[in-house]
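Report on the structure
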Amino acid sequence: MASRFVRTVRRLEPPPRAVDWSIFVLVVFEAVSGVITLGAGHPANALLFLLHGVAGVSLVALVGFKLYRVRHRVLDSRLHDKHTLASVVLAVVALAALATGIAWVAGVEVRLGFWTLLNVHIGFGLLVLPILLVHLRSRFHTPRRVDFADRRRALQYGALLVFGAATYRATEAIGSIQGVQRRFTGSRPLPPGDGNASFPVTSWVADDPAPIDPDSWRLSVEGLVDNPFSLDVSDLESDRTESVLLDCTSGWYTEQDWTGIELGSLLERADVHSSARWVTVRSVTGFRWSFPIEEAAEMLLATHVGGESLSHGHGAPLRLVAPNRRGFQWVKWIDTVEVRRRRDPAQWLAVLVSGFG
Ligand SMILES: Nc1nc2c(c(=O)[nH]1)N[C@H]1C(S)=C(S)[C@@H](COP(=O)(O)O)O[C@H]1N2
Ligand SMILES: [Mo]
């Protein structure tokens, strides 16, 4: 019985070079799709999250074939060479990325201090591709046509995909049996509650400004406008309340009532040029994100959450509410709205380094 199983599995194993190159292709796909999903908050992107998961499970099978094949080279010290260590590090990091991703989908609840399992998955995931490139420098074999051009290959890859999809679905089912709901982004709901205290103060990397003095704070609306102007705290007339879901890449979400002013009303007052296409919303810390102007016009600059004035940690006196955008784009402690022709190219760098030094 067991040996029959092993024989069946071995029949599904593609030849070594095909396994190795498939691993490479899937790792590149996982790295790229993983990074893209971080910025994807709209349900129209749900397929990308699904493919990322299915490809991850398929990788488990391929990595299993690979490790089984090279086991002697790792376990027998006489077969070691100067590249063995890097290969072992690669195996450990790749398995950690796969295991944490799968555990997250399965609903496992562990926290490593400040970090959720999803954060840890992202961390290991980002390491895999660079280490794999180092590994390839010493273990490179050009792909050969004969390893791929074979009818049997199609069957093997078909089986791999079915395995990936079925196992991914089963893993999700395990999560939901445990009562862990997830959005298409993978994020889990926080316990229900309203207002400042009901969701964590979260910063993308290191942003942590001193509380903002309401007497000296100004909001400046500038850029491609005929009528630049600035407001102080007493000018903020919050008149719109909306229930909007905030979904952080750390893996949690919360739906809150946000009250504030419509960004579009400020743009109207500023009289934007016809050449304007983007709006950058910037924090006192330099942290910023840009949005297409039509989308930005619908957004809320919030002063209140759940009927309470925003706390400092949640972005007082003014923070962006950006529906269908990931949490890191919900800029806190806003002091500038800049109308532009193009997207701000430095924003990725700004969100990563903001708060350091
Ligand atoms: N200026 C600034 N705004 C920011 C951040 C930041 O680090 N700096 N973090 C973002 C991230 S990652 C998230 S998830 C949300 C979290 O909002 P909260 O702290 O009110 O929960 O704020 C976003 N806005
Ligand atoms: Mo976040």
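If you're wondering where the values come from, they're calculated on a predicted model, not measured in any experiment. (Residues numbered from 1 in each chain as written. Chains lettered and ligands numbered in written order. Predicted model: local features only at pLDDT ≥ 70, side-chain atom pairs only at ≥ 80, totals over all residues. Heavy atoms only, no water.)

Turning our attention to the domain arrangement of the protein. Domains assigned within the protein are domain 1 (2-186) and domain 2 (195-353). Taking the mean C-alpha position of each, domain 1 and domain 2 sit 38 Å from one another. Each partner contributes to the interface: domain 1 provides 16 residues, whereas domain 2 provides eleven residues. Counting each side, the surface lost to burial between domain 1 and domain 2 is near 1100 Å², with a carbon and sulfur contribution of 52%. When the buried area of domain 1 at its contact with domain 2 is split by residue, Leu-38, Gly-39 and Arg-183 rank highest and sum to 41% of it. Summed over the shared surface of domain 1 and domain 2, the result is one salt bridge. Here Asp-247 ties to Arg-183 by a salt bridge, and the two come within 2.7 Å at their closest N and O atoms. Taken together, the connections running from domain 1 to domain 2 amount to six residue pairs in polar contact (both at pLDDT 80 or more). Its residues assigned to classes, the side of domain 1 that touches domain 2 shows seven nonpolar, eight polar and one charged. (Domains from an automatic or database assignment. Contact = heavy atoms within 4.5 Å. Buried area = accessible area lost by both parts, 1.4 Å probe. Salt bridge = Lys/Arg side-chain N within 4 Å of Asp/Glu carboxyl O. Polar contact = N/O pair within 3.5 Å; in protein donor to acceptor, adjacent residues only side chain to side chain. Nonpolar A, V, L, I, M, F, W, Y, C, P; charged D, E, K, R; others polar.)

Further remarks concern a positive patch on the surface. Together, Arg-4, Arg-7, Arg-11 and Arg-152 give the surface a local cluster of positive charge. Here the positive patch gets three residues from one element, more than from any other, and that element is helix 1 (residues 2-11). Checked against the element boundaries, Arg-7 lands in helix 1. Since its relative accessible area comes to 53%, Arg-7 is described here as exposed. (Patch = residues over 30% accessible without salt bridge, like charges linked within 9 Å, V, L, I, M, F, W, Y side chains within 5 Å. Areas by Shrake-Rupley, 256 points an atom, 1.4 Å probe, with all protein chains shown as cover. Lys, Arg positive; Asp, Glu negative; His and termini not counted. Charge placed at Lys NZ, Arg CZ, Asp CG, Glu CD. Helix = DSSP H or I, 4+ residues; strand = E, 2+ residues; numbered from the N terminus. Buried < 20%, exposed > 50% of the residue type's maximum accessible area, 1.4 Å probe, protein only.)

All right, on to a nonpolar patch on the surface then. Together, Val-205, Leu-349, Leu-352, Val-353 and Phe-356 make up an exposed nonpolar region whose accessible area comes to about 470 Å². Following the sequence through the fold, Phe-356 ends up in the segment after helix 9 (347-353).

A separate point is the packing of aromatic side chains. In this description, an aromatic ring pair is defined by two values, namely the gap between the centres and the angle between the planes. A complete count under the given rule lists nine aromatic pairs for this structure. For the ring pair Phe-328 and Trp-348, a centre distance of 5.8 Å and an interplane angle of 40° mean the geometry is tilted. You can see Phe-328 sitting in the loop between strand 12 (319-321) and strand 13 (334-340) and its partner Trp-348 sitting in helix 9, a full 20 residues away along the chain. Phe-328 gets classed as buried once you look at its relative accessible area, which sits at 7%. Taking the relative accessible area as the measure of exposure, Trp-348 reaches 39% and is therefore partly exposed. Among the aromatic side chains, those forming a connected cluster through ring pairs are Phe-199, Trp-252, Trp-258 and Trp-330. Lying over the aromatic face of Tyr-68, Arg-71 brings its terminal NZ or CZ to 3.9 Å of the ring centre. The ring of Phe-229 carries the charged tip of Arg-269 above its face, separated from the ring centre by 4.0 Å. (Phe/Tyr/Trp six-rings, centres within 6.5 Å; stacked < 30°, edge-to-face > 60°. Lys NZ or Arg CZ within 6 Å of the ring centre and 35° of its normal.)

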